[in-house]
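# Examination of the molecular architecture
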Amino acid sequence: MINTKNLTKIYTTEEVETTALNNINLEIQQGEYAAIMGPSGCGKSTLLNVLGMIDNPTSGEYNFLGEEVSKYSERQRANLRKANIGFVFQSFNLIDELTVFENIELPLLYLGYSASQRKKRVHEVMEQIGIMPRKNHFPQQISGGEQQRVAVARAIVAKPKLILADEPTGNLDSAHGEEVMKLIGELHEAGTTIFMVTHSPDYAEYSQRIVHLFDGHIVSENIQKEFKI
Amino acid sequence: MFKNYLKIALRNIWRHKVYSFINIAGLAIGIACCILMILYIQDDLSFDQFHENKNELYRVVGDLQIGDQISRLARTPNPLGPTLNKEYPEIVNFTRFQGFDHWHVESGDKHFLNDLLAVADPTFFEIFTFPFLKGNPKTALMDPLSIVITENMAKKYFSDDEPIGKVIKIGYKEFHVTGLIKNIPPNSHIQFDAMFPLSNMSYYWSDNFENWERLMYYTYIQVQKNTSGKDLSEKIRGVVKKYNPKLNCNIYLQPLKDIHLRSNYQMDLDNYGKGSITYIYIFSLIALWILLIGCINFINLTTAQSSERATEIGMRKVIGAHRTDIIKQFLGESILLAFIALVLAIACVELILPAFNNLSGKEITLDFSGNVPIIMGLLAITLVTGILSGSYPALYLSSFQPVNVLRGISTRWKSRGAYIRKILVIIQFTVTIMLIISTIVIYNQLHYIRNRDLGFDKENLIYFPARGAFYDLDSYEIVKHELLQNPNILSITNSFPPSIGLDETIDINWEGKNPKEDIMMRVTRVDYDYLKTFNMKMSQGRFFSKEFSTDLSNYVINEAAARAMEMETPVGKRFWLRGNEGTIIGVIKNYHYSSLHNEIEPLILKFREEEAFICIRINSENVSETISFLKRKWDEYVEGGYPFPYEFLDDTIADFYKTEQKVGIVIKYFTILSVFISCIGLFGLASFTTQQKTKEIGIRKILGASMSNILLILTKEYIKWVLIANIISWPISFYLMNRLLQVYAYRTNIGIFTFILVAALALIIALLTVSYQAIKAALANPVESLRYE
């Protein structure tokens, strides 16, 4: 599903050049659950953003679902992204002015679903995630764990093939964190490919493969569970 | 999707109530100003558009050259109309027109002096469309003693009786009502209550319709369909010179639709609210400007607040929104805001229309039914407002990169937006300062006008037309003697007061005049007591005196005339006015015989022969007693119970500057609005930037900064902006105001003091506006402010 060759990302400000990703060669299979670990500033989030096509690599190749996307325009990337990728962020990034239902519904709006289709699908997801009672609440009115579950619901509502999660438990206490991790596990069970950034070795244990990143390099990969297609 | 945008827009408006208020109020005021301007312009453009033949109608006007001076005249020689009609087949019809007031009109036991009378050729009602309720427009004025009256006039004289066939007496002549027309609509430059045939003027004015030297009437022509007015203008150019080589006057055609707005002619009709295309331009510009300030507020506040929306934009993009989706969303929001503002603006307009009508002298209503132009205009303005104010923020916000936003870095796009905001605020203040300067200069000029020494004393002077016993020259002496017994009556003259009843001529001659050079002089008619009653001064010689019986044919001239005649000592020289020989007995010191728009030009004073005005200087105390005394005398001396038609001269003179006064008032209100909108915008911006600097202030306070220190930090930027705005606006407004004052021959100086005053004013206003936020921030507990971060 994902295949990168010498993927490099360099941030240039007026005075400093920072190499965030250095010749990353990575392959992720459909249905895989991979975690990426490493110290702060090692390039984890950058890698996730590049893979999620919200950032362009400076050089190198990136093949997503058989398409070479590293030179795609913003519009092409957006089209590919909205159909195939769901995002979960550490800081939830829910829109404060929209209710739980409306936040989850948002991706479907950009995909052009009809109102009845949207309603049906959002309800399904809310049932699945267990936030039905919070349907008409605004993000500020619910707990952090619930907010992240809403964010997960939003990420999966369009049935993406890939979910990119950037420290999904970073802002949560352990109980809520556990809940979210279980949820992600269930999604994987159901066939979704997961690529997750995490700080926590415990949560990394949920994955099948752990990629260690240091100063923009992949330093090691260890497969911990048998990957079955 | 639309519903989603709408929801989020409304929720944002609700959440940021202060900013929303600033945005909506600013836009609403701007839109309201524009609506008023549209209504005003629509009314002005509707003038004279109700005539069926409107596209074929022209007024004949002329450029009269005397010496090297060209006067544009609205009136043309008496015989011109019939001559043109005869000689040019393109011209199918013509009529001459003139109006008067203050004439005796009576019918039965009703008599008034305040009817607006008019004369015209019998073809008048064929050319112009004034709907007849009774009578036949083609024949109504055929009989020389026929008269056509309006509904109002019929009601006034005959109540509900049948008016047709009734007799109306004007002066000593009796007319029969042959037509009843609807009241003349206010948007007509031709206004009258009653009209009778022009031929009667040979009786009233001893007028000669064959005389090419007399320019008593306005000449209108109707041309054949599809005739080019321009071509015809070229053809008729020299007609006046052909028949009267002495009159160096080129004539041309003025389209009917131009008469209201684009006339700048001497001797033009002035008994209706004349429009001015210049003022329309000025006011429209200012109205648009006010709308623009509202838009600037919106742009500034939206971009300043952008971090509030950053997550949303980032997330939408991550989910798959294209940049165009985001642009559409934010443009939609600004258009929504503009429509909310429109609703408020309409309510505002309804509220202030009565006051606006009062000021403009119009009868405008805001009526949407069937008024397609206004509906389209409003929609267009609202859309343009929404797009104008929304497009920069939309482009700016949609350029956010989700990767920056979502990494949670408090990104520094600030710099670019801040730069634009700075420029916009400086523009706002520049124009607002220009408006303040304009207001002050206009009011200075009005003050100057009120207080300038006119060369005579305009205060405590009342005048009224000489009628009844005042009219008859023998009885006038008796009446005068009797009135002067009253200690409150200081002096009386039977003359034309300054600025009334002036007449112009080039038919003059004097000893030693260069026969090749023509000059135009004004003529006014006075009697012995003129000088004394108006407190004027002689420069040489003496004024008319009873002791010299020959004075009835002598002349007094003003200093300007003496200069124009290039005479050091004109006294004693022979002088001919319209062929009448006399001696110059004195030179009167220059006084302003007309408004301060005009230079003092050569003036001849001759002894009056016909009826004039009774001008009375009264004691400045006991004014109301004196007036009721005069009113009693009027009732006694003037038969028929006419209301006492007195006026104060200073009021009449103030009327010359009615337009300026109105312009002053309008600009004043525009300025206040402009200051208000700029200030609420600045307030919003200040509250935002102060919030941004909370951390900086906290750290500085912990490090020991004093309150005044902090205040300086928070306000010095605004001080800088206002100073820059001042520096930009000074030369521009100096130039513009100089241009504006050019219309006055006599004008106030634009002193540097005005500019300094305005600069100080602008600074104070700006500081007061931002100080609330600054003081709040400076007083805050530093621990509190640091916790924010």
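Structural data are supplied above this passage.
These figures come from a predicted structure and were not determined experimentally.

### Side note on the overall build of chain B
Secondary structure summary: chain B contains 25 helices and 25 strands in total. C-alpha extents for chain B along the principal axes are approximately 105 × 60 × 55 Å. Put simply, chain B has 789 residues, and 53% of those count as buried. In chain B, the proportion of contacts linking residues at least 24 apart, taken out of those at least 6 apart, comes to 78%. For chain B, the accessible area works out to roughly 35,500 Å², and carbon and sulfur atoms hold 58% of it. Each charge sign in chain B was given a centre, from 80 positive and 77 negative side chains, and these centres are 14 Å apart.

### Some remarks on the packing of helix 22 (residues 694–702) of chain B against helix 23 (residues 707–741) of chain B
Residues and elements named next belong to chain B. Helix 23 packs onto helix 22 with a crossing angle of 155° between their chain directions and a minimal axis gap of 10 Å. Taken together, helix 22 and helix 23 sit at an angle that is classed as roughly antiparallel. As for the relative orientation of helix 22 and helix 23, their crossing is right-handed in sense. For the pair helix 22 and helix 23, the contacting residues are E696, I697, R700 and K701 in the first and I710, I713 and L714 in the second. Partitioning the contact of helix 22 with helix 23 into residue classes produces four nonpolar, no polar and three charged.

### Focus on the packing of helix 5 (residues 144–156) of chain A against helix 6 (residues 174–189) of chain A
All names here are of chain A. Here helix 5 crosses helix 6 at 15°, and the two axes come no closer than 9 Å. The orientation of helix 5 with respect to helix 6, classified from their angle, is roughly parallel. Taken as a pair, helix 5 and helix 6 cross one another with a handedness that is right-handed. Between helix 5 and helix 6, the residues in contact are G145, Q148, R149, V152 and I156 and H176, E179, V180, L183 and L187, respectively. Looking at the contact of helix 5 with helix 6 residue by residue, the class counts come to five nonpolar, three polar and two charged.

### Some remarks on the sheet that holds strand 24 (residues 613–618) of chain B
All names here are of chain B. The sheet built from four strands is open, its strands ordered 15-24-14-25 with antiparallel pairing. A single partner strand is all that each edge strand has here, and the edge strands are strand 15 (489–495) and strand 25 (647–648). Here strand 15 runs beside strand 24; their pairing, made up of six bridges, is antiparallel. Residue pairing for strand 24: S495 is matched across the bridge by F613. This element, helix 16 (residues 473–484), spans strand 15 and strand 24 of the sheet and lies at about 165° to strand 15. Packing of helix 19 (residues 623–637) onto the sheet brings it into contact with strand 14 (461–465), strand 15, strand 24 and strand 25, and relative to strand 14 it is tilted by some 20°.

### As for the sheet that holds strand 1 (residues 2–12) of chain A
All names here are of chain A. Read across the open sheet, the four strands follow the order 2-1-4-5; overall the sheet is antiparallel. Each end of this open sheet is capped by a strand with a single partner; those strands are strand 2 (17–28) and strand 5 (67–68). Two strands pair when backbone bridges link them, and strand 1 and strand 2 are joined in this way by eight bridges, in the antiparallel orientation. Bridged to N3 within strand 2 is E27.

Criteria and cut-off values
- Residues numbered from 1 in each chain as written.
- Chains lettered and ligands numbered in written order.
- Predicted model: local features only at pLDDT ≥ 70, side-chain atom pairs only at ≥ 80, totals over all residues.
- Heavy atoms only, no water.
- Helix = DSSP H or I, 4+ residues; strand = E, 2+ residues; numbered from the N terminus.
- Buried < 20%, exposed > 50% of the residue type's maximum accessible area, 1.4 Å probe, protein only.
- Contact = heavy atoms within 4.5 Å.
- Areas by Shrake-Rupley, 256 points an atom, 1.4 Å probe, with all protein chains shown as cover.
- Lys, Arg positive; Asp, Glu negative; His and termini not counted.
- Charge placed at Lys NZ, Arg CZ, Asp CG, Glu CD.
- Axes fitted to C-alpha atoms, helices over the stretch in contact; angles between N-to-C directions.
- Parallel < 35°, antiparallel > 145°, perpendicular 65-115°, else oblique.
- Left-handed = near helix turned anticlockwise from the far one by under 90°.
- Nonpolar A, V, L, I, M, F, W, Y, C, P; charged D, E, K, R; others polar.
- Pairing = 2+ DSSP bridges.

In short, geometric facts, not functional conclusions.
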